[in-house]
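Residues per chain, in single letters:
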Protein chains: 2
Amino acid sequence: MGRGKIEIKRIENTTNRQVTYSKRRTGIVKKAKELTVLCDAEVSLIMFSSTGKLSEYISPSTTTKRLYDQYQQVTGTNLWNSHYEKLQESLKKQKEINMRLRKEIRQRIGEGVDDMSFDDLRGLEQDLDTSVKIVRDRKYHMIATQTETYRKKEARGEDPYYEEDYESILAMSNSGAQILSYRLQPHQRNQEEEGYGSYNLRI
Amino acid sequence: MGRGKIEIKRIENTTNRQVTYSKRRTGIVKKAKELTVLCDAEVSLIMFSSTGKLSEYISPSTTTKRLYDQYQQVTGTNLWNSHYEKLQESLKKQKEINMRLRKEIRQRIGEGVDDMSFDDLRGLEQDLDTSVKIVRDRKYHMIATQTETYRKKEARGEDPYYEEDYESILAMSNSGAQILSYRLQPHQRNQEEEGYGSYNLRI
DNA sequence: ATGTCTATTTATAACCC
DNA sequence: TGGGTTATAAATAGACA
């Protein structure tokens with residue numbers, strides 16, 4: 001191939017190795033092209049240099065993906081299987097989490113209370129009490145704040161009803177979107193869909 | 001390449017085409033091997049003849065699948081995605097659902113209450129009241145039932161403390177497993193034991 | 001890293017088995 | 001198909017820009 005026979009053995013000098021790679025890469029790609037045209041073949045050639053640089057050639061009549069699908073069919077080995085399995089596992093996990101979340105919500109709503117132990121009941125009751133207290137406090141706070149605003153406006157001589165009436169002030173940030181989904185669709189609790197969600201969230 | 005310059009153009013004669021394919025296939029595979037050894041590269045070469053016959057070369061240091069995984073990483077194109085669009089979609093959906101469920105639980109606990117509208121707050125409060133009522137009723141029912149059992153035992157002259165004391169009767173079906181996962185986080189329970197009586201106040 | 005030059009080695013087209 | 005043989009075209013190692 002050049003000035004003197006060479007032996008096919010790893011070129012230790014990094015620079016030379018890269019130079020040779022560059023030249024031979026061009027050569028092999030040319031061969032692949034020729035094979036494609038001359039023999040009407042379909043060729044996929046993927047190369048990583050020792051520095052990790054990628055080069056590829058794919059016959060213009062096809063795509064890498066299509067050719068690999070064919071490859072799989074012929075060889076029987078399913079390259080995507082492992083990916084598929086991972087996805088499925090993920091999905092399963094998500095469904096389990098979903099189930100748990102649903103169960104927790106159901107219990108918080110008061111369903112299935114008959115199957116709970118006394119201690120759990122007491123715990124749940126306490127939790128609910130705490131929550132309801134938080135919500136109520138927030139509600140009171142909102143009322144207080146809005147009343148304050150109303151009074152200030154009035155004090156400044158503005159018409160407090162200028163833009164909105166008192167009721168609408170209270171109702172103000174009624175963000176169209178319902179927040180508790182179960183309240184939106186009472187029937188929904190039957191079994192929404194498959195439930196996967198997240199992996200390790202803490203509630 | 002032989003007796004007279006040839007032009008790179010599809011060989012129309014099928015037999016000749018196959019002969020040429022066969023010879024050149026050998027040649028290109030040799031080149032791939034040389035590139036692998038000489039330049040320490042990783043090469044995947046897949047070829048389909050015009051008759052559909054598959055030939056491949058893969059550098060011994062890797063596997064077709066591994067090399068293709070690398071290929072995907074570098075190119076960004078995900079060859080498998082299109083195969084599993086449905087699965088992937090499913091997964092996405094599940095994650096969204098879980099997100100919603102988590103959000104709902106968080107709200108039922110009383111988190112994020114500051115971002116809710118007044119109406120939503122009122123709705124949530126009602127829901128929580130209802131739930132706590134259900135739970136409390138069930139608790140009372142259990143107490144009543146157990147007290148009943150206790151009395152009956154006593155009436156029959158049995159020692160009601162024979163196996164368990166009164167407390168443990170109440171605590172009975174304490175099913176080791178925690179039911180509400182969020183309760184596992186201890187700090188959340190700190191503010192308990194308060195106004196049971198005010199849980200159903202309404203403005 | 002890429003392109004050019006050149007001596008030499010390789011690949012291979014055409015042919016035959 | 002696959003293996004030889006051989007004349008010739010192609011590829012390329014080494015050197016340098």
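Keep in mind that what you see is a predicted model, and the values were worked out from it rather than measured. (Residues numbered from 1 in each chain as written. Chains lettered and ligands numbered in written order. Predicted model: local features only at pLDDT ≥ 70, side-chain atom pairs only at ≥ 80, totals over all residues. Heavy atoms only, no water.)

A. Representation of the pattern of salt bridges within the structure. Considering all chains together, one arrives at 21 salt bridges over all chains under this definition. With a shortest N-O distance of 2.7 Å, A:K65 and A:D69 are connected by a salt bridge. With a gap of four residues between them, A:K65 and A:D69 both fall in helix α2 (residues 64-75), about one helical turn apart. Of the charged contacts in the structure, one is a salt bridge between A:R136 and B:E125, with a shortest N-O distance of 2.6 Å. Taken together, the positions of A:R136 in helix α4 (residues 118-155) and B:E125 in helix α4 (residues 118-155) put the pair across two chains. (Salt bridge = Lys/Arg side-chain N within 4 Å of Asp/Glu carboxyl O. Helix = DSSP H or I, 4+ residues; strand = E, 2+ residues; numbered from the N terminus.)

B. Summary view of the protein's contact with DNA strand C. Surrounding DNA strand C, one finds 20 residues, the nearest of these being A:M1, A:Q18, A:S22, B:M1 and B:K30. Looking at DNA strand C alone, sugar and phosphate atoms form 76% of those within 4 Å of the protein. Interatomic distance of 2.8 Å between a side-chain N/O atom of B:R24 and a phosphate oxygen of DNA strand C. Listed by contribution, the elements that provide at least two residues to the surface near DNA strand C are α1 (14-39) of chain A together with α1 (14-39) of chain B. For the surface near DNA strand C, the element with the highest residue contribution is α1(B), accounting for six residues. When the residues that make up the surface near DNA strand C are grouped by side-chain class, the tally is three nonpolar, eight polar and nine charged. (Near = heavy atom within 4 Å. Polar contact = N/O pair within 3.5 Å; in protein donor to acceptor, adjacent residues only side chain to side chain. Nonpolar A, V, L, I, M, F, W, Y, C, P; charged D, E, K, R; others polar.)

C. Region of the structure containing the layout of surface pockets. Estimated volume of the largest pocket: approximately 320 Å³. The wall of the largest pocket is formed by 15 residues, among which A:L38, B:M1, B:I6, B:T20 and B:R24 lie closest to the centre. For the lining of the largest pocket, the elements supplying multiple residues, two or more each, are α1 of chain A together with α1 of chain B. The greatest single-element share of the lining of the largest pocket, amounting to six residues, is contributed by α1(B). Counted by class, the lining of the largest pocket contains seven nonpolar, four polar and four charged residues. (1 Å grid on protein atoms, 1.4 Å probe; cavity = no way out; pocket = protein on both sides within 12 Å on 5 of 7 lines; lining within 4 Å. Points joined across faces, edges and corners; volume = space filled by probe spheres on them.)

D. Representation of the protein's contact with DNA strand D within the structure. Among the 21 residues in the neighbourhood of DNA strand D, the closest are listed as A:M1, A:K23, A:R24, A:K30 and B:M1. Within 4 Å of the protein, atoms of DNA strand D come from sugar and phosphate in 70% of cases. Between A:K23 and DNA strand D, the recorded distance is 2.9 Å, taken from a side-chain N or O atom to a base oxygen. B:R3 places a side-chain nitrogen or oxygen 3.1 Å from a sugar or linking oxygen of DNA strand D. Contributions of two or more residues to the surface near DNA strand D are made by α1 of chain A together with α1 of chain B. If one sorts the elements of the surface near DNA strand D by residue count, α1(A) sits on top with six residues.

Taken by themselves, the reported measurements are silent on function.
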